[in-house]
Amino acid sequence: MTSNSEARKSTVSVREMIEKKKATKILSKFKEKLVPMTLFLFAMVSILTTFGIIYTLFSETVEFFKRVPITDFFTGTVLRPLSQNPEFGVLPLINGTLISSIIAMLVAGPIGLMAAVYLSEYASDRVRRVLKPLLEILAGIPTVVYGFFAFTFVTPIIRSVWPDVDATNILSPGIVMGIMIIPMVASLSEDAMSSVPKSMREGAFALGATPLESTFKVVIPAALSGIIASFILGISRAIGETMIVTIASGSSKNFTFDVTESMQTMTAYIVEVAGGDAPAGSTIYFSLYAVAMTLFVFTLLMNLLARYVSRKFREEY
Amino acid sequence: MAVVIPVTVIIGIGTALYLELYIKRGSIQSIIQTNIANLAGVPSIVYGILGLTVFVRAMDFGNIVLAGGLTLSLLILPIVIVAAQEAVRSVPQHLSEASYGMGATKWQTIRRIILPAALPGILTGSILALSRAIGETAPLTVIGIPALLMAHPGGIFDKFTALPMQIYYWTLDSSLVDEYANLAAATIIVLLLLLFILNSVAVLIRNKFQQRL
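Residues numbered from 1 in each chain as written. Chains lettered and ligands numbered in written order. Predicted model: local features only at pLDDT ≥ 70, side-chain atom pairs only at ≥ 80, totals over all residues. Heavy atoms only, no water.

This paragraph deals with the overall build of chain A. Helices and strands together make up the secondary structure of chain A, namely 12 helices and 2 strands. From first element to last, N terminus to C terminus, chain A shows the α and β order α-α-β-β-α-α-α-α-α-α-α-α-α-α. The buried share among the 317 residues of chain A stands at 45%. By sequence separation, contacts in chain A at least 24 residues apart represent 71% of the contacts at least 6 residues apart. Carbon and sulfur atoms form 67% of the exposed surface of chain A, whose accessible area is close to 16,500 Å². (Helix = DSSP H or I, 4+ residues; strand = E, 2+ residues; numbered from the N terminus. Buried < 20%, exposed > 50% of the residue type's maximum accessible area, 1.4 Å probe, protein only. Contact = heavy atoms within 4.5 Å. Areas by Shrake-Rupley, 256 points an atom, 1.4 Å probe, with all protein chains shown as cover.)

As a further point, take the overall build of chain B. What chain B contains, in helices and strands, is 10 helices and 0 strands. Taking contacts inside chain B between residues at least 6 apart in sequence as the whole, the part at least 24 apart equals 70%. When the accessible area of chain B is evaluated, it comes to approximately 9,900 Å², of which 67% is carbon and sulfur surface.

Bringing the packing of helix α5 (residues 93–101) of chain B against helix α6 (residues 106–135) of chain B into the picture now. All names here are of chain B. Viewed as axis vectors pointing N to C, α5 and α6 meet at an angle of 135 degrees, and their least axial separation amounts to 10 Å. As summarised for this structure, α5 and α6 are arranged oblique, according to the angle between their axes. As for how α5 packs across α6, the hand of that crossing is right-handed. For the pair α5 and α6, the contacting residues are Leu95, Ser96, Ser99 and Tyr100 in the first and Lys106, Thr109, Ile113 and Ile114 in the second. Among the residues making up the contact of α5 with α6, the classes are represented as 4 nonpolar, 3 polar and 1 charged. (Axes fitted to C-alpha atoms, helices over the stretch in contact; angles between N-to-C directions. Parallel < 35°, antiparallel > 145°, perpendicular 65-115°, else oblique. Left-handed = near helix turned anticlockwise from the far one by under 90°. Nonpolar A, V, L, I, M, F, W, Y, C, P; charged D, E, K, R; others polar.)

Residues and elements named next belong to chain A. Enumeration over the complete set of coordinates arrives at 3 salt bridges over all chains. Measuring nitrogen to oxygen at the nearest pair gives 2.8 Å for the salt bridge that ties Glu121 to Arg201. Placement of Glu121 in helix α3 (residues 91–122) and of Arg201 in helix α7 (residues 198–206) is noted, with a sequence separation of 80 residues between them. Accessibility classification places Glu121 together with Arg201 in one group, the buried group. (Salt bridge = Lys/Arg side-chain N within 4 Å of Asp/Glu carboxyl O.)

Glancing now at the interface of chain A and chain B. Each partner contributes residues to the interface: chain A has 49 residues there, and chain B has 52 residues. Summing both sides of the interface, chain A and chain B together bury roughly 4,400 Å²; the carbon and sulfur share of this comes to 76%. Our enumeration of links across chain A and chain B arrives at 0 salt bridges. Counting every contact that joins chain A to chain B gives 2 residue pairs in polar contact (both at pLDDT 80 or more). Here the residues of the side of chain A that touches chain B are counted per class, giving 31 nonpolar, 14 polar and 4 charged. (Buried area = accessible area lost by both parts, 1.4 Å probe. Polar contact = N/O pair within 3.5 Å; in protein donor to acceptor, adjacent residues only side chain to side chain.)

Note that an α-helix has 3.6 residues per turn; residues three or four places apart therefore point the same way. For helix α2 (residues 27–40) of chain B, built from 14 residues, the straight-helix expectation of 20 Å at 1.5 Å per residue is met to within 8% by its first-to-last C-alpha distance of 20 Å. Inspection of α2(B) places B:Gln29, B:Ile32, B:Asn35, B:Ile36, B:Asn38 and B:Leu39 among the buried residues, and these make up the whole buried set. (Expected span 1.5 Å × (residues − 1).)

What follows is about a positive patch on the surface. Residue and element names in this part refer to chain A. A grouping of Lys21, Lys25, Lys29 and Lys33 is seen on the molecular surface, where their side chains present a positively charged patch. Topologically, Lys33 is positioned in helix α1 (residues 2–67). A relative accessible area of 65% means that Lys33 is categorised as exposed. (Patch = residues over 30% accessible without salt bridge, like charges linked within 9 Å, V, L, I, M, F, W, Y side chains within 5 Å. Lys, Arg positive; Asp, Glu negative; His and termini not counted. Charge placed at Lys NZ, Arg CZ, Asp CG, Glu CD.)

Moving on: the environment of A:Ile232. All names here are of chain A. Considering the arrangement of structural elements, one finds Ile232 in helix α9 (residues 224–240). Ile232 gets classed as buried once you look at its relative accessible area, which sits at 10%. Residues Ile232 and Leu304, 72 residues apart in the sequence, show an inter-C-alpha distance of 9.6 Å. Excluding residues that lie within four positions of it along the chain, Ile232 makes contacts with Met302, Leu305, Ala306 and Val309.

On to the environment of A:Asp166. Residues and elements named next belong to chain A. Structurally, Asp166 is set in the loop between α5 (143–161) and α6 (171–194). Here Asp166 falls in the partly exposed class, since its relative accessible area comes to 33%. C-alpha of Asp166 to C-alpha of Gly250: the two residues are 84 residues apart in sequence and 9.9 Å apart in space.

A word on the packing of aromatic side chains. Residues and elements named next belong to chain A. Evaluated as defined, the whole model comprises 2 aromatic pairs over all chains. Seen in terms of ring centroids, Phe64 and Phe65 are 5.6 Å apart; in terms of plane orientation they differ by 55 degrees. Their pairing is tilted. For Phe64, a relative accessible area of 0% corresponds to the buried category. For the ring pair Phe149 and Phe153, a centre distance of 5.2 Å and an interplane angle of 20 degrees mean the geometry is stacked. Residue Phe149 and its partner Phe153 are both found in helix α5; the two are separated by 4 residues, about one turn of the helix. Overall, Phe153 belongs to the partly exposed group, its relative accessible area being 46%. (Phe/Tyr/Trp six-rings, centres within 6.5 Å; stacked < 30°, edge-to-face > 60°.)

Laid out in structure tokens, this is it:
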């Protein structure tokens, strides 16, 4: 009796299962088609972002160049957006940007490279396991914190040694920016050096080279493309860096090569103009986009160059 | 942050899945890939300008949190995509092949096999990207969160402002009021502590699930 009813129950449930299966099959077929389309839409977001950036920058920059001739913008050495008869020369900003980036690379290049040499050639596994996370922590500190560090710690130190330095100067943010970039240069260069095969080092040792000789005459030349790419990416990062220079370098738009003076970078100018009350539609508002466009093109070229260098000159082993 | 997390995680994972599992190898794929790599190198302040133009001005969002959140989402999206891609790629091929062998469809395989296996990697990458968003200041200064603070120059901790913005203003004004430097330092400690906790969680997840596969 009980087995009979159980059997009947099971036949019913099998029939139900078949029905259910048919229903889910249609649903899942629908899903199989829907999912790729949805995911494709998501993937398009990143493309749209790029187009959004280029479109907004480009359209407003064109508007700016209708009011200010393009030659004045790129050759003018005077930037006075707020005065009675404003002048929009971008050269002081480019100058400030390049000088701060050069200072940063003078700090980050050698230190980052040496750190990479130590990590990949000399450090034991235990030391490396402690040092790498520390470098990652350094890389994760927000830039505004570095700005605070530059303004309230590094600048007073520089001024106590060298009293001519202004309270806001380009030297201190340059140095701190270098410190900020060290982890990036170090870890990218280290990756390049660790991918040099061990057999090459052993070959150098077999020829009687010391570890130092093998590092500088074999490993570094072999990893050069990666190292140069890491330097270029570091410069690009320094060019795009905003908060450190905004805080510690002030806002005077000097066209000078004197590192003790305050200079403004492209990024700091954007912050100043956008943070102040520039009414939409005014020339100064459009100058924001022209400067941003210049900045965007600079960093884009740098990044493309870095990719090109690391692809083109990579030596395969 | 309530805006940033869902937007970036959903779009980021979606893009990564599409790029890794659906797209045909070829020119479109390499275009999207190059595009993402270039986006990762765009200075954050340019994203600020984009946010200012599109979200604040063109779409006319009164809600500053939404505009700021969307801008930061776009900023960290490339990082999340790359991390998720790596995670999806590191799922062993034989797992998904076994799933197909059992008669599972592609979406079933992705949802039940690949996503769970890739989840720790995706989580780690997302958390690290999130900590980047938390510390980001430059896009917020451009978008116009300052205007809100101008109304409360005493430094009232407004709901609509962010820790890094407070640090920025207090540091700038520290030459005017002595206590501001101390305030900024205190806020930095709070911010760093927050980041430290987030990063430790990310590292913990990574270590805990690393041996599994």
